[in-house]
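# Per-entry structural report
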Amino acid sequence: MTFQQKVEKINGIAVEVFTPEREEHSVPILFVHGSSCGSWLWRNFMRFFSSRGWTCYALNLRGHHLSDPVADWGEVGVEAYLEDIDTVIRWIGKDLMLVGHSMGGVLAQKQAERQNPSKLVLL
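Anyway, here's the lowdown on the structure attached to this text. All values derive from a computational prediction rather than experimental measurement. (Residues numbered from 1 in each chain as written. Predicted model: local features only at pLDDT ≥ 70, side-chain atom pairs only at ≥ 80, totals over all residues. Heavy atoms only, no water.)

## Points about the pattern of salt bridges
Oppositely charged side chains can pair when the atoms bearing their charge come close. Defined as follows: For this analysis, a salt bridge means a side-chain nitrogen from Lys or Arg found within 4 Å of a carboxyl oxygen belonging to Asp or Glu. Under the scheme used here, helices are H or I runs from DSSP no shorter than 4 residues and strands are E runs no shorter than 2 residues, and both carry numbers assigned from the N terminus.
In this structure the tally under the stated criterion is ten salt bridges. With its nearest N and O atoms 2.8 Å apart, the salt bridge here joins D68 to K9. Residue D68 is found in the loop between β4 (56-59) and α2 (78-92), and its partner K9 is found in strand β1 (residues 3-10); the two are separated by 59 residues along the sequence. One network of salt bridges, in which partners are shared, links R62, E83 and D84.

## Focus on the packing of aromatic side chains
What counts, and what does not: Pairing of aromatic rings covers Phe, Tyr and Trp, the last through its six-membered ring, and needs centres within 6.5 Å; plane angles under 30 degrees mean stacked, over 60 mean edge-to-face, and all others mean tilted. Relative accessible area decides the class of each residue, using a 1.4 Å probe on protein chains only: under 20% of the type maximum gives buried, over 50% gives exposed, and in between gives partly exposed.
Overall, the coordinates contain seven aromatic pairs when judged by the stated rule. With a centroid separation of 6.4 Å and an interplanar angle of 90°, the aromatic rings of F49 and W54 are classed as edge-to-face. Relative accessible area serves as the criterion here: at 25%, F49 is assigned to the partly exposed category.

## Some thoughts on the side chain of H33
For clarity, the threshold we go by: Residues count as neighbours in contact if any of their non-hydrogen atoms are within 4.5 Å of one another.
Considering the arrangement of structural elements, one finds H33 in the loop between β3 (29-32) and α1 (43-50). Looking at H33, the relative accessible area reads 0%, which means it is buried. Discounting chain neighbours no more than four positions away, the residues touching H33 are G38, S39, L41, W42, L59, N60, L61, H64, H101, M103 and G104.

## Quick notes on helix α3 (residues 103-114)
Note on helix geometry: an α-helix contains 3.6 residues per turn, so any two residues three or four positions apart are oriented the same way. What counts here: A helix is expected to reach a length of 1.5 Å times the quantity of its residues less one. Note: the arc covers the axis-to-C-beta directions of the helix.
Along its twelve residues, α3 runs 17 Å from first to last C-alpha, staying within 8% of the 16 Å computed at 1.5 Å per residue. Taken residue by residue, α3 has G104, G105, L107, A108, Q111 and A112 as its buried positions. Taken around the axis of α3, the buried residues stretch over an arc of 160°, which confines them to a single face. Where α3 is buried, its residues contact β3, α2, β5 (97-100) and β6 (119-122).

## Section: the sheet that holds β3
For the record, the criterion: Whether two strands pair depends on DSSP finding at least two bridges between them. Interaxial angles span 0 to 180 degrees and are taken between N-to-C directions of axes, which are lines fitted to C-alpha atoms, for helices over the stretch in contact.
The strand order β1-β2-β4-β3-β5-β6 describes an open sheet built from six strands, whose pairing is mixed. On the outer flanks of this sheet lie β1 and β6, each paired with one strand and no other. Strand-to-strand twist across the sheet, computed as the mean angle between neighbouring axes with direction ignored, equals 20°. Where β3 and β5 come together, four bridges link them in parallel fashion. The residue of β5 that forms the bridge with L30 is L98. Sitting on the sheet, α1 is in contact with β1, β2 (13-20), β3 and β4, with an inclination near 30° to β2.

## A look at α2
Look at α2: 21 Å from first C-alpha to last across 15 residues, which is about the 21 Å you get at 1.5 Å a residue. Every buried residue belonging to α2 is among A80, Y81, L82, D84, I85, D86, T87, V88, I89 and I92, and all of these are buried. Contacts from the buried residues of α2 go to β1, β2, β3, β4 and α3. Positive phi appears at G93, one or two residues downstream of α2, with a value of about 75°.

Spelled out as structure tokens, the structure:
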């Protein structure tokens, strides 16, 4: 199955979106990267899952990869990153599967404390 790939920007947060030509799963997947990383980390996973009917999103936390830069890294912490995840989840507007790697895994756990996702995968 084929899919479309694009980048959306929501309040300065860049999100890579892989949309299958035919959605076969109602629950999308949101991937959260770790420190010093970006959405590019997830592209092979997104290709795999979207080619099998999943809509996939991979955000870039503020100051990372395609997202807007930050003026002062000393002002960026867990709460700021959780705001980024909240922003993207509200934009997606559906219950989702949350996948996090490394620091992204910690953020996914913290997010799950706030709003329980359909599924939670920690790497």
